[in-house]
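Breakdown of the fold
Listed below are the residues making up each chain.
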Amino acid sequence: MSDKKGIDRQIILILVFTVILVISALYYVEYREINDAYTLAGRVIDSSKDVDSYQFDIYSNISMLGESFMLMEGKGIVDYKNKEMSVSLLSMEDSMDLIVAEESAYSRNNNGLWDKQKLNQQMWDSYDQLTQTNLLLANSTELSMERTDFYLILTALPDNKTLLQEAEKAGLKLKGDERLTDYSIRYFIEKESYRVTAIESHTEFMMNVQGLVSPVAIHNRVEFYNYDNVDDVDVPVIAVQ
């Protein structure tokens, strides 16, 4: 009888020890995922592969010579499942609308006539903000992270060439002699889904403005929402005139 009790105690101890190991392993995985910036970056990129659709709002402004100006603002819908997209952008000088549907791209400027052309991948990638997010994240050379009550915040430093390309996409025409002085990108990430809810980028560089080398700062913000729950994209009634 005493031998049986001894065996039972051994079994109980083994089970308890096993449970402790499992709990410790799960805690380690969770701790590593939350506190390792590079693991988090990989999770963000992986989670984006499961996205069927999303909406976004975008804002961009520039500060130079003591003044601040709106570079661009807009909104859009991206539907991977149906290969559809709708983007409206307003810059300092003009506006642009793009609709992608039925393997065609419809575009117009300043509310003019629609022009139709065959869709190409480069055009799609240029306006797909989630693709641009992954590109910047994949090209980041330094990563750090912090935790808040609601988000994980990942701060990244992409390479200079990628940043200059993004500045040009925001509407700033560069001449090639700019010198970056400060730059960073912050990703606000949902804790449970690892999906990006917003991106803020801040870029500062010295640039020739009206013959004077001056500091210039660009601030961009893209907000992501309605993941996998967007409205259908309507094809323009009159595509070509």
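Parameters at a glance
- Residues numbered from 1 in each chain as written.
- Predicted model: local features only at pLDDT ≥ 70, side-chain atom pairs only at ≥ 80, totals over all residues.
- Heavy atoms only, no water.
- Pairing = 2+ DSSP bridges.
- Helix = DSSP H or I, 4+ residues; strand = E, 2+ residues; numbered from the N terminus.
- Expected span 1.5 Å × (residues − 1).
- Buried < 20%, exposed > 50% of the residue type's maximum accessible area, 1.4 Å probe, protein only.
- Arc of directions from axis to C-beta.
- Axes fitted to C-alpha atoms, helices over the stretch in contact; angles between N-to-C directions.
- Parallel < 35°, antiparallel > 145°, perpendicular 65-115°, else oblique.
- Left-handed = near helix turned anticlockwise from the far one by under 90°.
- Contact = heavy atoms within 4.5 Å.
- Nonpolar A, V, L, I, M, F, W, Y, C, P; charged D, E, K, R; others polar.

Here we look at the pairing of strand β1 (residues 53-64)
With 12 bridges joining them, β1 and strand β2 (residues 67-79) adopt antiparallel strand pairing. By the bridge assignment, Y54 is partnered in β2 with V78. Counting the residues that bridge the hairpin from β1 to β2 gives two residues, and of these L65 lies at a positive phi of roughly 50°. Summarising the sheet, β1 and strand β11 (residues 212-225) pair through 10 bridges and their orientation is antiparallel. Opposite M64, over in β11, you have V216 as the bridge partner.

Observations regarding helix α2 (residues 37-48)
End to end, α2 covers 17 Å across 12 residues, agreeing with the expected 16 Å (1.5 Å per residue, within 8%). Buried within α2 we find A37, L40, A41, V44, S47 and S48. The arc that holds the buried residues of α2, viewed along the axis, is 130°, so those residues lie on one side.

Focus on the packing of α2 against helix α4 (residues 129-138)
For the pair α2 and α4, interaxial distance at closest approach is 11 Å and the crossing angle is 155°. Judged by the angle between their axes, α2 and α4 are roughly antiparallel. Between α2 and α4 lies a crossing whose hand is left-handed. Within the contact between the two elements, α2 uses A41, V44, I45 and S48 and α4 uses L130, N134 and L137. Of the residues in the contact of α2 with α4, the class split is five nonpolar, two polar and no charged.

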